[in-house]
Amino acid sequence: MCFLQKAATNNAKTMVDATIAEKFDIKVILSSTSSNTIRIADLGCSVGPNTFTSVQNIIDAVQNKYLQSEGPAYRIPEFHVFFNDHVSNDFNVLFTSLPPDRQYFAAGVPGSFYSRLFPESSLHFVHSSYAIQWLSKVPEELLNKNSKAWNKGRIHYTSAPDEVIEVYAAQFAKDMTTFLEARSKELVVGGMMVLIMPGIANGIAHSDDPVGLMFNFLGSSLIDMVKEGLISEDQVDSFNIPVYTASAREITKLVEKNGCFSIEIIDLTLSRSVASANGQDCTMHMRAGMEGIISKHFGSEIIDELFDRFHKKTEELLYLLESRTKEGSQLLVILKRK
Ligand SMILES: C[S@@+](CC[C@H](N)C(=O)[O-])C[C@H]1O[C@@H](n2cnc3c(N)ncnc32)[C@H](O)[C@@H]1O
């Protein structure tokens, strides 16, 4: 979890609890089935422990709502939780760390959430935190020397020409369209979906994206290593991070185009004061998130050196983050299946 993510997530929890209390109509949801089971999916769950906290928060909020609206005389629903991630995710670690005192049935669901993962109308609640900023693939134009979007000398779109940004934005729109189509089939009418992801304020230039600033530090650390002959220029030119930070306006447009969901909340939430952020935290979280794809492309032998350099840059330049996070850096989107 990124250092910008933690406090903002607490904010999100309050809003998710309130929305469940107000808008998650358990009776209507369960009326279409003879079962008394609420089915929840966490998409892009990784190996824990954040996923366990997220699903427990949802279950607590649903149980509270149920007790308040129906009274203790009614049979509290049972919960079935589906933990989803790529097939390469270490589901063994996930399963062995499941809370022993959990009050839900657990299952793992392998596969990309940019495809159907569940039967039609089988889910009541979908949650996804810090996962759908990952694109399904690196857009091909970024690697094509004949394209205006060839991303030479950079590893991301922050500070890149408009053509590069447009290619990233188009891939995000395509992926999000697929994501919404799949979820609209899987969720029952009245079902809810909570999406938490890095976000950027409407109208703010992508060069001012705080997440992008971190990728710039990573990119310039790699370029320094090219200059010292530790890696080749070609290796950097052919590496692009498939992550996109969207604005509320972009998400709204895609949800409206899909047409199956009402937007209950879409909000750019404030992150923890950057005054308490430090280079060590930034480095730890960047390494946790990026080590896999960097090792795959450059080889694992460069990792320690790269993140030492990244750490130094972050310590020196962290003050640049302050002006970029005033408007918030986390998007909370709560949708209801119409
Ligand atoms: C930064 S982690 C977030 C983990 C956890 N949700 C949290 O909030 O701490 C992102 C996770 O999303 C997963 N992910 C990214 N793209 C995915 C996709 N298309 N389908 C399924 N999982 C995906 C990654 O494998 C990774 O485990």
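The preceding data block contains the structure.
Calculation rules
Residues numbered from 1 in each chain as written. Predicted model: local features only at pLDDT ≥ 70, side-chain atom pairs only at ≥ 80, totals over all residues. Heavy atoms only, no water. Near = heavy atom within 4 Å. Polar contact = N/O pair within 3.5 Å; in protein donor to acceptor, adjacent residues only side chain to side chain. Areas by Shrake-Rupley, 256 points an atom, 1.4 Å probe, with all protein chains shown as cover. Nonpolar A, V, L, I, M, F, W, Y, C, P; charged D, E, K, R; others polar. Core = buried A, V, L, I, M, F, W, Y, C linked by side-chain atoms within 4.5 Å. Buried < 20%, exposed > 50% of the residue type's maximum accessible area, 1.4 Å probe, protein only. Helix = DSSP H or I, 4+ residues; strand = E, 2+ residues; numbered from the N terminus. Contact = heavy atoms within 4.5 Å. Expected span 1.5 Å × (residues − 1). Arc of directions from axis to C-beta. 1 Å grid on protein atoms, 1.4 Å probe; cavity = no way out; pocket = protein on both sides within 12 Å on 5 of 7 lines; lining within 4 Å. Points joined across faces, edges and corners; volume = space filled by probe spheres on them.

Caption draft 1: Region of the structure containing the site of the ligand. Looking at the ligand, there are 16 residues lining it, with Gly44, Asn50, Asp85, Phe113 and Ser129 nearest. Within the side chain of His86, a nitrogen or oxygen atom sits 3.4 Å from a nitrogen atom of the ligand. Contact between the ligand and Phe113: a nitrogen atom at 2.9 Å from a main-chain N or O atom of the residue. Relative to its unbound accessible area of 590 Å², the ligand is 82% covered by the protein chains. Class assignment of the residues belonging to the shell around the ligand gives a composition of six nonpolar, nine polar and one charged.

Caption draft 2: Local environment of the nonpolar core. Formed by 43 residues in total, the largest nonpolar core has its most connected members in Met176, Phe179, Leu180, Met193 and Ile251. Counting residues per element, the ones that place at least two in this core are β1 (37-43), β3 (105-110), β4 (123-129), α5 (162-186), β5 (187-200), α8 (248-258), β7 (261-269) and β8 (330-337). Ignoring any residue separated from it by four or fewer positions in sequence, one finds Met176 in contact with Ile132, Leu195, Ile251 and Leu254.

Caption draft 3: Summary view of helix α10 (residues 303-317). Between its first and last C-alpha, α10 extends 21 Å over 15 residues, near the 21 Å set by a 1.5 Å rise per residue. Among the residues of α10, Ile303, Leu306, Phe307, Arg309, Phe310, Lys313 and Thr314 are the ones counted as buried. Seen end-on, α10 carries its buried residues on one side only, within an arc spanning 155°. Relative to its buried face, α10 has exposed residues pointing more than 90 degrees away, namely Lys312 and Glu316. Residues of α10 that are buried make contact with α6 (210-227) and α9 (279-298).

Caption draft 4: Summary view of the layout of surface pockets. In this structure, the second largest pocket spans a volume of roughly 280 Å³. Lining the second largest pocket are 15 residues, and of these Tyr244, Ser247, Arg249, Glu250 and Lys253 lie nearest its centre. Of all the secondary-structure elements, those providing two or more residues to the lining of the second largest pocket are α5 and α8. Take the lining of the second largest pocket: its biggest share by element is four residues, from α8. Classifying every residue of the lining of the second largest pocket gives eight nonpolar, four polar and three charged.

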